[in-house]
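Coordinate inspection notes
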Amino acid sequence: MTMPIALTIAGSDSSGGAGIQADLKTFAAHQVYGASVIVALTAQNTQAVRAIHPVPADFVAAQIDAVFEDLDVAAVKIGMLATAELIETVADGLERHGARNIVLDPVMIAASGGRLLQEDAIEALKRRLLPLATLVTPNLPEAAALLGTAMAQTEEAAAEQGSAIAALGAANVLVKGGHASGADSVDVLVSQGGQRQRFVAPRIETLNTHGTGCTLSSAIASGLAHGIALDEAVSLAKRYISAAIVASDTVRVGHGHGPVHHFHHWWDRTDGRDR
């Protein structure tokens, strides 16, 4: 069997709920072989990010080269990059190897509140990575930070911010509505040509939001790796993350913002055995 390959370029989460660990779990849940380039180590759990240790840029470049020189990477998911130097290194590597189907999750703040991207790195992210991205997936605070403006308070304002981010060079932008209010969580997909699509799911009341952004973007990258069209990949990923959040209360990991249940389709929720 030929399995599609996706690469995650992100930071490691020592508690396993976000970052590289969430990405690889999501790839596996979508029958995609996951490779990884680790750009930072974090000491974190469901309650706080205690420390961040960036990986030296030359070693990040070596990881990228090692993966692309041997594996047929069908999609790339980019998460936490921490510093401007790492952003430059990752952009150079992606250009060097002609990477395709790039999903950029502009991770800035952890669910626990810890900052994961240095302030001076935002401009580098906009200048180097947005033009390479097939899709950028900011939540409402991240979209506002990319544009240097206030957080959108309406769906129309979110869509307008998506259009403004697309104008910076991104081919498509998915503005996620998880930080909004209302009975439904609405994500808006905006293309450079101005087309818009809405993806709606019931809003779920839970503290278990650790890694939701990482998981959604990795699920989209998985769909692209399988050759699925972008809008369908987003739709399938939205359904997957919604079900993973619903099932998160059965996982009970940590004492803060717990992780979603990446393998909810397969694990028996009562005893953990494969169904």
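For the structure, see preceding data.
Note that the structure is predicted; figures quoted are calculated from it, not measured. (Residues numbered from 1 in each chain as written. Predicted model: local features only at pLDDT ≥ 70, side-chain atom pairs only at ≥ 80, totals over all residues. Heavy atoms only, no water.)

A few words on the overall build of the protein. Secondary structure summary: the protein contains eight helices and nine strands in total. In terms of overall size, the protein behaves like a compact globule, its C-alpha atoms giving a radius of gyration of 17 Å where 275 residues would be expected to give roughly 19 Å. With respect to the principal axes defined by its C-alpha atoms, the protein has extents near 45 × 40 × 40 Å. Buried residues in the protein amount to 53% of all 275 residues. Look at the contacts in the protein between residues 6 or more apart in sequence, and 67% of them connect residues 24 or more apart. Of the roughly 11,900 Å² of accessible surface on the protein, 52% is carried by carbon and sulfur atoms. One finds the centroid of the 19 positive side-chain charges in the protein at a distance of 5 Å from the centroid of its 28 negative side-chain charges. (Helix = DSSP H or I, 4+ residues; strand = E, 2+ residues; numbered from the N terminus. Rg over C-alpha atoms; globule rule 2.2 N^0.38 Å. Buried < 20%, exposed > 50% of the residue type's maximum accessible area, 1.4 Å probe, protein only. Contact = heavy atoms within 4.5 Å. Areas by Shrake-Rupley, 256 points an atom, 1.4 Å probe, with all protein chains shown as cover. Lys, Arg positive; Asp, Glu negative; His and termini not counted. Charge placed at Lys NZ, Arg CZ, Asp CG, Glu CD.)

Moving on: the pairing of strand β1 (residues 5–13). Counted residue by residue, β1 has nine buried out of nine residues, so it is predominantly covered. Bridge count between β1 and strand β2 (residues 33–44): nine bridges; the pairing is parallel. When the sheet's bridge partners are listed, L7 is paired in β2 with A35. Handedness of the crossover joining β1 and β2 through helix α1 (residues 19–29) is recorded here as right-handed. (Pairing = 2+ DSSP bridges. Right-handed = clockwise from strand over helix to strand, strands pointing away.)

Our next topic: the side chain of T137. Topologically, T137 is positioned in the loop between β6 (135–136) and α5 (140–147). Of the polar contacts made by the side chain of T137, one reaches the side chain of D105; its length is 3.3 Å. What T137 contacts, discounting residues up to four positions off in sequence, is V103, L104, D105, P106, E142, L174, K176, S217 and I220. (Polar contact = N/O pair within 3.5 Å; in protein donor to acceptor, adjacent residues only side chain to side chain.)

Each full turn of the α-helix corresponds to 3.6 residues, which orients residues three or four apart in the same direction. Most of helix α4 (residues 121–129) is tucked away, with seven of its nine residues classed as buried. Within the span of α4, buried status applies to A121, I122, A124, L125, K126, R128 and L129.

With the exception of glycine, most residues fall at negative phi, and the peptide bonds are largely trans. The phi dihedral of Q31 is positive, around 60°, even though this residue is not glycine. Residue Q31 is classed as exposed on the basis of its relative accessible area, which comes to 51%. Not every positive phi belongs to a glycine, and A82 is a case in point at roughly 75°. Positionally, A82 belongs in the loop between β4 (73–78) and α3 (84–97). A residue is classified by how much of its surface remains accessible, and A82, at 5% relative accessible area, is buried.

Before going further, it helps to spend a moment on the packing of α1 against helix α7 (residues 212–225). The geometry of α1 relative to α7 is characterised by a closest axis approach of 9 Å and an angle of 40° between their N-to-C directions. In terms of orientation, α1 lies oblique with respect to α7. In this structure, α1 crosses over α7, and the sense of that crossing is right-handed. Here G19, A22, D23, T26 and F27 of α1 lie close against α7, whose contacting residues are C214, T215, S218, A219, A221 and S222. Taken together, the residues that form the contact of α1 with α7 break down as five nonpolar, five polar and one charged. (Axes fitted to C-alpha atoms, helices over the stretch in contact; angles between N-to-C directions. Parallel < 35°, antiparallel > 145°, perpendicular 65-115°, else oblique. Left-handed = near helix turned anticlockwise from the far one by under 90°. Nonpolar A, V, L, I, M, F, W, Y, C, P; charged D, E, K, R; others polar.)

To continue, consider the pattern of salt bridges. One pass over the full model with this rule turns up 12 salt bridges. One salt bridge connects E155 with R198, and the closest N-O pair in it is separated by 2.5 Å. Of this pair, E155 sits in helix α6 (residues 155–166) while R198 sits in strand β9 (residues 196–202), placing them 43 residues apart in sequence. Take E155: its relative accessible area is 34%, and that puts it in the partly exposed class. As a salt-bridge pair, D187 and K238 come within 3.0 Å of each other at their nearest N and O atoms. Here D187 is found in strand β8 (residues 184–191), whereas its partner K238 is found in helix α8 (residues 230–246), with 51 residues between them in sequence. Each of the two residues, D187 as well as K238, counts as buried. Counted as one network, the salt bridges with shared partners bring together E88, D92, E95, R127 and R128. (Salt bridge = Lys/Arg side-chain N within 4 Å of Asp/Glu carboxyl O.)

Geometry only, nothing functional implied.
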